[in-house]
Amino acid sequence: MRIARSSWRRPKGIDSRVRRRFKGQIKLANIGYGTDKRFRHILPCGFKKFRVSNVKELEVLLMHNRTYAAEIAHNVSLKKRKEIILRAAQLNIKVTNAKAKITTEEKE
C-alpha cells in the first residue's frame, strides 16, 4: 500500500524493500527527478500562482496578467470573493479557483 505524506522521508529500515531498491517498489527520490528550471512552479494552464486576499492585492497583477494567475486565499469570505472575481474579469486576470466556495454557498 502507498502512503501519502506531506514530506519525503528516506527509508531507513533494515528490511525496507524500498531502501534496497527491489523491483516493483516505489522509486527513491534522486536529484535527477527534479523539474526543469524553466517549468518549475508553472501550473498546467501555463501561469504561475499568486495568492490574493483582497481586491487591492489583485492590482499588482495588472502588468503581469500573462505570466501570473490569481488564486484566492482559502479564508476569504463569499462577499469579498465575488468582488475579487469581478475585478479580475475587468483587469483580464485569470483566477484559478474562481468557482470555489461560490457554488457550494449558492446550493445551500
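Please read these numbers as outputs of a predicted model, since none were measured by experiment.

Draft legend 1. Summary view of the overall build of the chain. Helix and strand counts for the chain come out as three helices and two strands. Computed over the C-alpha atoms, the radius of gyration of the chain is 20 Å, more than 25% above the 13 Å expected from 2.2 N^0.38 for a compact globule of 108 residues. In terms of its C-alpha atoms, the chain occupies a principal-axis envelope of roughly 60 × 40 × 20 Å. Burial statistics for the chain: of 108 residues in total, 21% are counted as buried.

Draft legend 2. Up close: a positive patch on the surface. On the surface, a cluster of positive charge is made up of R9, R10, K12, R19, R20 and R21. By the element assignment, R9 lies in the segment before β1 (48-52).

Draft legend 3. Representation of the nonpolar core within the structure. If you look at the biggest cluster of nonpolar residues, it comprises 12 residues: V52, L58, L61, A70, I72, A73, V76, I84, A88, L91, I93 and V95. Listed by contribution, the elements that provide at least two residues to this core are β2 (68-72) and α2 (78-91). Top contributing element to this core by residue count: α2, with three residues. The residues touching V95, leaving out its near neighbours within four places in the chain, are A70, I72 and A88.

Draft legend 4. Here's a closer look at the environment of L43. As for its position among the elements, L43 is in the segment before β1. Not counting chain neighbours up to four residues away, the residues in contact with L43 comprise K49 and T96.

Draft legend 5. Quick look at α2. The end-to-end C-alpha distance of α2, which contains 14 residues, comes to 20 Å, matching closely the 20 Å that a straight helix rising 1.5 Å per residue would cover. The complete set of buried residues in α2 reads R81, I84, A88 and L91. Down the axis of α2, the buried set is contained in an arc of 95°. They therefore lie on one face. Away from its buried face, by an angle of more than 90 degrees, α2 presents the exposed residues K79, L86, A89 and Q90. In this structure, the buried residues of α2 make contact with β1, α1 (55-58) and β2.

Draft legend 6. Spotlight on the pairing of β2. Counting buried positions along β2 gives four out of five residues, so the element sits mostly inside the fold. In terms of strand pairing, β1 meets β2 through five bridges, oriented parallel. Counted as the bridge partner of K48 is Y68 from β2.

Reading the values: the criteria
- Residues numbered from 1 in each chain as written.
- Predicted model: local features only at pLDDT ≥ 70, side-chain atom pairs only at ≥ 80, totals over all residues.
- Heavy atoms only, no water.
- Helix = DSSP H or I, 4+ residues; strand = E, 2+ residues; numbered from the N terminus.
- Rg over C-alpha atoms; globule rule 2.2 N^0.38 Å.
- Buried < 20%, exposed > 50% of the residue type's maximum accessible area, 1.4 Å probe, protein only.
- Patch = residues over 30% accessible without salt bridge, like charges linked within 9 Å, V, L, I, M, F, W, Y side chains within 5 Å.
- Areas by Shrake-Rupley, 256 points an atom, 1.4 Å probe, with all protein chains shown as cover.
- Salt bridge = Lys/Arg side-chain N within 4 Å of Asp/Glu carboxyl O.
- Lys, Arg positive; Asp, Glu negative; His and termini not counted.
- Charge placed at Lys NZ, Arg CZ, Asp CG, Glu CD.
- Core = buried A, V, L, I, M, F, W, Y, C linked by side-chain atoms within 4.5 Å.
- Contact = heavy atoms within 4.5 Å.
- Expected span 1.5 Å × (residues − 1).
- Arc of directions from axis to C-beta.
- Pairing = 2+ DSSP bridges.

Bear in mind that shape data such as this cannot, by itself, settle questions of function.
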